[in-house]
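# A closer look at the structure
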Amino acid sequence: MMSLQDKYRDVTDLAGELGIANLQVREQDNVLYIDGQAKSAADKEKLWNAYGKIDPDYRSADVVMNIEVEEKVSKEYTVEAGDSLSKIGKAYGVSWKDIFEANKDIISNPDLIQPGWKLKIPTV
């Protein structure tokens, strides 16, 4: 009988190629556990797609994949009077849209930001 590690070798090899951080693959009670941190949601999606090719209907129920996506937040910026997202973005070399996306929990309207707000500045 083929081991789960062999069956899902494509998934674990891909995880290695994608540079999944803290990658741990372990087999326990006929279930393969794959844990780690992906650099992006797209990488996590690639792993699920690779798994879907091996088990298209997810019927085997023999894999538990727990891949977290690393939030790439490098800096925090406190908004000052007269700031705009474009101005802050220019200072950090990121687009105002990226800052807006990273701070949707705080900002509902990109044109209205308040002094004193602490914004996450995503890394490029």
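Residues numbered from 1 in each chain as written. Predicted model: local features only at pLDDT ≥ 70, side-chain atom pairs only at ≥ 80, totals over all residues. Heavy atoms only, no water.

What follows deals with the overall build of the chain. Counting its secondary structure elements, the chain contains five helices and five strands. Going from N to C terminus, the chain has its helices and strands arranged as α-α-β-β-α-β-β-α-α-β. Of all 124 residues assigned to the chain, the portion counted as buried reaches 31%. Accessible area for the chain stands at about 7,900 Å²; split by element, carbon and sulfur atoms hold 47% of it. Across the chain, 16 positive and 22 negative side-chain charges occur, with their mean positions spaced 6 Å apart. (Helix = DSSP H or I, 4+ residues; strand = E, 2+ residues; numbered from the N terminus. Buried < 20%, exposed > 50% of the residue type's maximum accessible area, 1.4 Å probe, protein only. Areas by Shrake-Rupley, 256 points an atom, 1.4 Å probe, with all protein chains shown as cover. Lys, Arg positive; Asp, Glu negative; His and termini not counted. Charge placed at Lys NZ, Arg CZ, Asp CG, Glu CD.)

The N-to-C vectors of helix H2 (residues 9-17) and helix H3 (residues 41-54) enclose an angle of 165 degrees; their axes lie 8 Å apart at closest approach. When the axes of H2 and H3 are compared, the pair comes out roughly antiparallel. Crossing angle aside, the handedness with which H2 passes H3 is right-handed. Contacts between H2 and H3 involve Asp-10, Val-11, Leu-14 and Ala-15 from the former and Lys-46, Leu-47, Ala-50, Tyr-51 and Ile-54 from the latter. Among the residues making up the contact of H2 with H3, the classes are represented as seven nonpolar, no polar and two charged. (Axes fitted to C-alpha atoms, helices over the stretch in contact; angles between N-to-C directions. Parallel < 35°, antiparallel > 145°, perpendicular 65-115°, else oblique. Left-handed = near helix turned anticlockwise from the far one by under 90°. Contact = heavy atoms within 4.5 Å. Nonpolar A, V, L, I, M, F, W, Y, C, P; charged D, E, K, R; others polar.)

Here the focus is the sheet that holds strand E2 (residues 31-38). The three strands lie next to each other as E1-E2-E3, forming an open sheet whose pairing is mixed. What marks the edges here is a single partner per strand, and that holds for strand E1 (21-28) and strand E3 (63-69). Direction aside, neighbouring strands of the sheet carry axes that sit 5 degrees apart on average. The sheet contact formed by E2 and E3 spans seven bridges and is parallel. Note on E3: the bridge partner recorded for Ala-38 is Val-69. (Pairing = 2+ DSSP bridges.)

Turning our eyes to something else, we now look at the packing of aromatic side chains. Aromatic ring pairs: the centre-centre distance and the angle between the two ring planes describe each pair. Applying the stated criterion across every chain yields a total of four aromatic pairs. Taking the centre distance of 5.5 Å and the plane angle of 55 degrees together, the rings of Tyr-8 and Tyr-51 count as tilted. Taken together, the positions of Tyr-8 in the loop between helix H1 (4-7) and H2 and Tyr-51 in helix H3 put the pair 43 residues apart, joining distant regions of the chain. Both residues of the pair, Tyr-8 and Tyr-51, count as buried. Their ring planes at 65 degrees and their centres at 5.7 Å tell us that Trp-48 and Tyr-51 sit as a pair that is edge-to-face. Taken together, the positions of Trp-48 and Tyr-51, both in helix H3 and three residues apart, correspond to about one turn of that helix. Residue Tyr-51 is classed as buried on the basis of its relative accessible area of 4%. One aromatic cluster is present, built from ring pairs that chain together Tyr-8, Trp-48 and Tyr-51. A cation over an aromatic ring shows up here: Arg-26 above the ring of Tyr-33, its NZ or CZ 4.6 Å from the ring centre. (Phe/Tyr/Trp six-rings, centres within 6.5 Å; stacked < 30°, edge-to-face > 60°. Lys NZ or Arg CZ within 6 Å of the ring centre and 35° of its normal.)

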